[in-house]
Each structure stands twice: as C-alpha cells, then as structure tokens.
Amino acid sequence: MTDINKESISVLNDLIETSKDGQEGFKTCAEDIKHPELKALFVQRAADCATAAAELQAAVRALGGDPETSTSVAGDLHRRWVDVKSMFTGKDEEAVLNEAERGEDHALKAYKEALEKITKHNLVGIRDLVERQYHGVQRNHDQVKALRNQARAS
C-alpha cells in the first residue's frame, strides 16, 4: 500500500468517526426535542451523517483499507455531557439546538483539517468526496444556527 493511500485512509477514517459522532448526536437531539419539525430535521440529519459515513467507508475499502466503524471517544463524552446538561435545562429547544450547533462546529473543524491534509499531501483522489461532504456540513451548521437564533428570539 502506498503512503498516499495510507494517508488518505487515515484522513477518511477520521471523518468516518466525525460522521458517526454526528449521526449519534443528531439521534440524541431528536430524542430530546418535542417540536415535531425539529425532531424530523434531526432524524434526517442523523440519516445524512450515516450516508456520509457509508460513502467514506466505501472510499476506504476502495483504497484497500479497513474503514472505521465507531464513534470517537470525544463524541461519546460530548453526548454524555449533553445528557447531563439537558437534565438541568429541561431539554428546551434552544439548549438542544446549542448542542447541535456545537457538534456541527466540531464537524466543520474536522473537515477543514482533512482538506488541509489533502492539500498538504496531494491526496487528490479523495478531494471531491471530502469537499462535497464539507459543503453539506456547512449547510447543516448554518441551518442549525439559524434555528437556534430563531428559538433564542422567541
């Protein structure tokens, strides 16, 4: 296996963890929210993250690697923190949206770092996939932020 493939697999596996974190995080948000439209949005976002993870896993396999299958320790800790915090905040919409936005901030950072590594190591084979998913994460982040701002204003 080439060094380029090893580096590409490493970048993709990090993003798989990020996508799995998002999937679990949005699932938690969906469970914690009463508002039917927000619940539906979070269920859809969890599904989008699962799709992203599956695409990344297929790319790792195509490069001859073993794809990551689990969430990150940081993501697990974040969800536990959300659960503890929500006991005190009563799981109101704004609190849940704040946590969703924080999760999306983390995902954006992970994708930006991946794109920097792709550029640094000239990993052109995975650039299109990672850029397309990055733009999806950016859209998700902006939508969650707008909904949070709306909840805060009401």
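Residues numbered from 1 in each chain as written. Predicted model: local features only at pLDDT ≥ 70, side-chain atom pairs only at ≥ 80, totals over all residues. Heavy atoms only, no water.

Trainee: Mind laying out the side chain of Arg45, listing which residues take part and the relevant values?
Mentor: With respect to the helices and strands, Arg45 occurs in helix 2 (residues 36-62). Excluding anything up to four places from it in sequence, Arg45 contacts Phe26, Asn140 and Gln143. (Helix = DSSP H or I, 4+ residues; strand = E, 2+ residues; numbered from the N terminus. Contact = heavy atoms within 4.5 Å.)

Trainee: If you had to explain the environment of Lys34 to someone new, which residues and values would you point to?
Mentor: Looking at the element boundaries, Lys34 is found in the loop between helix 1 (3-32) and helix 2. Under the relative-accessibility criterion, Lys34 is labelled exposed at 73%. Expressed as a C-alpha distance, the spacing of Lys34 and Asp92, which sit 58 residues apart in the sequence, is 8.5 Å. (Buried < 20%, exposed > 50% of the residue type's maximum accessible area, 1.4 Å probe, protein only.)

Trainee: Summarise the pattern of salt bridges; cite the residues concerned and give the values.
Mentor: Evaluation of the coordinates by the stated rule reveals 9 salt bridges. Across the pair Arg45 and Asp48 runs a salt bridge, and its minimum N-O distance is 3.1 Å. Placement of the pair is Arg45 and Asp48 together in helix 2, with a separation of 3 residues, close to one helical turn. Residue class for Asp48 comes out partly exposed when judged on its relative accessible area of 30%. Put simply, Glu99 and Arg102 hold a salt bridge, and the shortest N to O gap is 3.4 Å. Note that Glu99 and Arg102 are positioned in helix 4 (residues 93-120) at a spacing of 3 residues, about one turn of the helix. A relative accessible area of 6% means that Glu99 is categorised as buried. Taking relative accessible area as the criterion, Arg102 reaches 40% and is therefore assigned partly exposed. (Salt bridge = Lys/Arg side-chain N within 4 Å of Asp/Glu carboxyl O.)

Trainee: Could you give an account of the packing of helix 1 against helix 2, naming the residues involved and the relevant values?
Mentor: Two packed helices can be described by the angle between their axes and the distance between those axes. Their axes nearest at 8 Å, the elements helix 1 and helix 2 cross at an angle of 160°. Regarding the angle of helix 1 to helix 2, the classification is roughly antiparallel. Once helix 1 is placed against helix 2, the crossing between them reads as left-handed. Residue composition of the contact of helix 1 with helix 2, by class: 17 nonpolar, 5 polar and 5 charged. (Axes fitted to C-alpha atoms, helices over the stretch in contact; angles between N-to-C directions. Parallel < 35°, antiparallel > 145°, perpendicular 65-115°, else oblique. Left-handed = near helix turned anticlockwise from the far one by under 90°. Nonpolar A, V, L, I, M, F, W, Y, C, P; charged D, E, K, R; others polar.)

Trainee: Would you mind going over the nonpolar core in detail, with residue names and values included?
Mentor: Ranked by internal contacts, the top residues of the largest apolar core, which has 21 residues, are Leu12, Leu15, Leu56, Tyr111, Ile118 and Val130. Considering every element that reaches this core, the biggest residue donor is helix 4, with 7 residues. When neighbours within four sequence positions are excluded, Leu12 is seen to be in contact with Leu56, Ala59, Val60, Leu63, Ile126, Leu129 and Val130. Listed in part, the 14 residues of the second largest apolar core include Cys29, Ala30, Phe42 and Cys49. (Core = buried A, V, L, I, M, F, W, Y, C linked by side-chain atoms within 4.5 Å.)

Trainee: Outline the side chain of Gln23, listing residues and values.
Mentor: By the element assignment, Gln23 lies in helix 1. Residue contacts for Gln23: discarding those within four places in its chain leaves Ala46, Cys49 and Ala50.

Trainee: So what about helix 2? Which residues, and what values?
Mentor: The terminal C-alpha atoms of helix 2 lie 39 Å apart, and with 27 residues this matches the ideal 39 Å at 1.5 Å per residue to within 8%. For helix 2, the set of buried residues is Leu38, Leu41, Phe42, Arg45, Ala46, Cys49, Ala52, Ala53, Leu56, Gln57, Ala59 and Val60. Looking at the residues trailing helix 2, positive phi occurs at Gly64, about 90°. (Expected span 1.5 Å × (residues − 1).)

Any functional reading would require information beyond the geometric quantities listed.
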